[in-house]
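Examining the three-dimensional arrangement
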Amino acid sequence: MIRVEHVRKRFGRKQVLRDISMEARRGEITCLVGTNGSGKSTLLRAIMGLTPLSGGRVEVDGAAFHHGMYEKVAFIPDTLTMPPGMTVRACMTFMQDFYRSWEAARGEELLAFFKLDPASRVGSLSKGTAAKLNLVLGLGLNADYVLMDEPFSGIDLFSREHIASVFASELIEDRGVLFTTHEIQDVEHLIDKVVMLDQGVIAKEFYCEDIRQREGKSVLDVMREVYQA
Amino acid sequence: MNRYLKLVHMELGRAWKPLAALMGLTLVMQLAIVVYLTRNRVAFVKRNYLEEQQMSVATFVQKIGRISFNDVMMDNMLFTAPIVLGIVVLLLYTLFLWYRDWLGKNMFIYRLLMLPSARSDLYFAKLTTVLLLVFSLVAFQMAILPLLSAAFAASVPYELRESVTAVELASEIELLTLVLPFNWKDFLLYYGFGMAGVAVLYACVLLERSYKIVRGIAGMLVYLAIIGLLLFLPAIIGLLLFLPAIIDVYWMALYPWELITLQSGLVAVVGALSVWLSLYLMKHKITV
């Protein structure tokens, strides 16, 4: 389980995260939602040690986060993480070289699934194709947890559907997924849990099934209540 | 260790094109300059001494001396320009080595910082890359010296030419003796100072990357002030202890080797401090 305890993050005078505590469990898909600037991406980067915390702690399966955790926690940011001059094939080789948890066969399977050309240069990929390559590089790792920052941002409908289908596939099964998105309607049926951030604090946290059964509301309904109140 | 070596290999793989371009440019420029300047000198000698003053070659050699490579190239900025260019390009590349991973559409720094190994591997890989690039360029310069010597020999008639070996060439051109020191003490001193300089530069880059522009630059200035204070500590102590007029005496009281040892020790402290600061920033403060 990824456990975030009393995490605070300040950029200069701006307090971006204020005392955030939450959990993301294996086998569950947790969605972080919030308006622009609510601190979603910062929280993901803070969990991954890509920006220092101003306070609080992050634990993965009961241990403090350290560099060895990058084998078991994969992060798929909303930007390409490979140099533009590399080919898709070279990216796969890079992952195999540096990560023990890289599964070459799964990587090939993902390439075929997303119909990516191994000879393409990273710098020449369209936004949608780049997002798919990011997914290949993240999901090709045999990681217990996958964090994704806006995997559907700025890409066309068909690519979005293609990427969303990953969430329902065996590629995600048994893993813990924590992701951020603005396109909640595309993946609402796939999500287990929602954490709503508002101005650096958790405004609401719930299991989708519970809220559907207890209150008959969709995630969008709850979002309207929280953010338009 | 394994990942460190892989990172060095990867960084070198990314650097080989600019390095090859720099080597090619150095070769072409130096060859062209050697041939051009040597032919000019030979033409000048023929016109002024052998034709106008009607000197025989033997008299010319006796009175003026044979034409040597060093005479022709001495203090000629054209010859040393490619070496200076190499130094400047490598200095810029040292900065580029970090910033290219942060800036632009693709943020490779995400991947590099998420490698499952200590971030010190990444730091030392980049430091090693700079050192290997410098050595590659220096080795290339050494390798083309016989070629330059041959180009010189081909441009001067045998009877007018003073033959020199490549080693003599390397020892006669001042800038070359800086990049190719002939004894190990100078080698350690020059390259030690150089690497300490690169470590300071890296610490400044990482300060800026950790605290961003305003706070980063402020931190950088404070750090450079601390380093300056450290390096000039002996002079500052001297200034505080003695009257300014005695400062010269204070410096003169040290033998040159003592002064060099003292300064080397301080530079080593500055280098070590910069490496420690950089590793601390990479582990605890870096932000993407």
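Everything numeric here is computed off the predicted structure, so don't read it as measured data.

From N to C terminus, chain B includes 12 helices and zero strands. Sequence-ordered secondary structure for chain B, helices as α and strands as β, is α-α-α-α-α-α-α-α-α-α-α-α. A compact globule built from 288 residues would reach a C-alpha radius of gyration of about 19 Å, whereas chain B, at 25 Å, exceeds it by more than 25%. For chain B, contacts bridging at least 24 residues in sequence account for 79% of all contacts bridging at least 6. Here chain B contributes 22 positively and 16 negatively charged side chains, and the mean placements of these two sets differ by 18 Å.

As a further point, take the nonpolar core. Within the largest apolar cluster, 160 residues are counted, with the highest numbers of intra-cluster contacts made by L43(A), M148(A), F179(A) and F69(B). Inspection of this core shows a minimum of three residues originating in each of domain 1 (1–180) and domain 2 (182–288) of chain B. Contacts of F179(A), omitting those with residues within four sequence positions, involve I29(A), T30(A), C31(A), L32(A), M148(A), P151(A), F152(A), F167(A), V187(A) and I191(A).

Enumeration according to the criterion identifies 22 salt bridges over all chains in this entry. Of the charged contacts in the structure, one is a salt bridge between E71(A) and R3(B), with a shortest N-O distance of 3.2 Å. Placement of E71(A) in the loop between β5 (63–64) and β6 (73–76) and of R3(B) in helix α1 (residues 2–52) is noted, with the two residues assigned to different chains. Its relative accessible area of 12% is what places E71(A) among the buried residues. The closest approach of N and O atoms between R14(B) and E11(B), which form a salt bridge, is 3.9 Å. On the criterion of helical spacing, the pair formed by R14(B) and E11(B) is a turn pair, its members being three residues apart in helix α1. Each of E11(B), R14(B), R100(B), D101(B) and K126(B) takes part in salt bridges that share partners, so that together they form one network.

Looking now at the interface of chain A and chain B. Frequently, the measure chosen for interface size is the accessible area that the parts lose on association. Opposite the 29 residues of chain A that make contact, chain B presents 24 residues. When the area that chain A buries against chain B is broken down by residue, the three leading residues are L50(A), T81(A) and F98(A), summing to 27%. Put simply, chain A and chain B have one salt bridge between them. Where chain A packs against chain B, one counts 13 residue pairs in polar contact (both at pLDDT 80 or more). Among the elements that line the side of chain A that touches chain B, the one with the most residues is helix α2 (residues 88–98) of chain A, at four residues. Classifying every residue of the side of chain A that touches chain B by side-chain character gives 18 nonpolar, seven polar and four charged.

This part takes up the UniProt feature "transmembrane region" (unreviewed entry) in chain B. All names here are of chain B. Within this numbering scheme, the UniProt entry marks residues 20–38, 78–99, 120–144, 188–208, 220–247 and 259–282 as carrying the feature "transmembrane region" (unreviewed entry). The span residues 20–38 carries 100% helix and 0% strand; its end-to-end C-alpha distance comes to 27 Å. Segment residues 188–208 splits into 100% helix and 0% strand. End C-alpha atoms: 30 Å apart.

A few words now on the packing of α2(A) against helix α3 (residues 104–113) of chain A. All names here are of chain A. The geometry of α2 relative to α3 is characterised by a closest axis approach of 11 Å and an angle of 155 degrees between their N-to-C directions. Between α2 and α3, the interaxial angle falls into the category roughly antiparallel. The way α2 lies across α3 gives a crossing that is right-handed. Residues V88, R89, M92 and Q96 of α2 form the contact with α3, whose participating residues are A104, G107, E108 and L111.

What follows concerns empty space enclosed by the protein. Leftover empty space is mapped by rolling, across the atoms, a probe with the size of a water molecule. Residues and elements named next belong to chain B. Per the stated rule, a full pass over the model turns up two cavities of 30 Å³ or more. Reported here for the largest cavity is a volume of approximately 50 Å³. Lining the largest cavity are A15, P18, L19, L22, V89, L90, Y93 and L133. Of all the elements in the fold, those that place two or more residues in the lining of the largest cavity are α1 and α4 (77–102).

A separate point is the sheet that holds β5(A). Residue and element names in this part refer to chain A. If you trace the four strands from one edge of the open sheet to the other, you get β2-β1-β4-β5, paired in antiparallel fashion. This sheet does not close on itself; its edge strands, each paired only once, are β2 (14–24) and β5. As defined by bridge partners, strand β1 (residues 2–11) adjoins β2 across seven bridges and the pair is classed as antiparallel. Within β2, the position partnered with I2 by the bridge is A24. Against the sheet, helix α1 (residues 40–47) touches β1, β2 and β4 (55–60), its axis set at about 115 degrees to β1.

Residues and elements named next belong to chain A. Ordered in space as β6-β7-β8-β3-β9-β10, the six strands form an open sheet in which the pairing is mixed. Every interior strand has two partners, whereas the edge strands, β6 and β10 (201–207), have only one. The mean inter-strand angle of the sheet, taken between neighbouring strand axes irrespective of direction, is 15 degrees. Pairing geometry for β6 and strand β7 (residues 145–149), over four bridges, is parallel. By the bridge assignment, V73 is partnered in β7 with Y145.

What counts, and where the lines are drawn
Within each chain, residues carry numbers counting from 1 in the order of the written sequence. Numbering of ligands from 1 and lettering of chains from A proceed in the order in which they are written. The model is predicted, so local features are restricted to residues of pLDDT at least 70 and side-chain atom pairs to those at 80 or more, both for listing and for counting; the totals for chains, interfaces and linings are taken over all residues. Remark: hydrogens and water are excluded; side-chain values derive from all non-hydrogen atoms of the structure. Numbered from the N terminus, helices here are DSSP runs of H or I no shorter than four residues, and strands are runs of E no shorter than two. Here the globule rule is a power law, 2.2 Å times the number of residues to the power 0.38, and the radius of gyration is based on C-alpha atoms. Any pair of residues with heavy atoms lying within 4.5 Å of one another is described as a contacting pair. Lys and Arg are tallied as positive, Asp and Glu as negative. Neither His nor the chain termini are counted. Where a charge lies is defined by one atom per residue type: Lys uses NZ, Arg uses CZ, Asp uses CG and Glu uses CD. Take the buried Ala, Val, Leu, Ile, Met, Phe, Trp, Tyr and Cys residues and link them wherever side-chain atoms come within 4.5 Å; each set so joined is a nonpolar core. For every residue, the accessible area obtained with a 1.4 Å probe (protein chains only) is divided by the maximum for its type, and the residue is called buried under 20%, exposed over 50%, and partly exposed between those limits. Domain boundaries shown here were taken from an automatic or database domain assignment. Put simply, a salt bridge is a Lys or Arg side-chain nitrogen that is within 4 Å of an Asp or Glu carboxyl oxygen. When two components associate, each loses some accessible surface as probed by a 1.4 Å sphere; the sum of these losses over both components is called the buried area. Counted as a polar contact is a pair of N or O atoms within 3.5 Å, where, for protein atoms, one must be capable of donating a hydrogen and the other of accepting one, and residues adjacent in sequence contribute only when both atoms are in side chains. All amino acids are sorted into three groups, where Ala, Val, Leu, Ile, Met, Phe, Trp, Tyr, Cys and Pro are nonpolar, Asp, Glu, Lys and Arg are charged, and the leftover types, Gly among them, are polar. UniProt positions are given in the numbering used here, feature names are shortened, and annotations may be inferred rather than shown by experiment. Helix axes are fitted only over the stretch in contact, all axes being lines through C-alpha atoms; the angle between N-to-C directions runs from 0 to 180 degrees. Note on terminology: angles under 35 degrees are roughly parallel, angles over 145 are roughly antiparallel, angles of 65 to 115 are roughly perpendicular, and the others are oblique. The sense of a crossing depends on the near helix, which, turned anticlockwise from the far helix by less than a right angle, makes the crossing left-handed and, turned clockwise, makes it right-handed. Cavities and pockets are found on a 1 Å grid laid over the protein atoms alone: a cavity is a set of points where a 1.4 Å probe fits but cannot escape, a pocket is an open set with protein on both sides within 12 Å along at least five of seven lines, and a lining residue has an atom within 4 Å of such a point. Grid points are joined across faces, edges and corners, and a volume is the space filled by probe spheres set on the points. Should DSSP find at least two bridges between two strands, the strands are regarded as paired.

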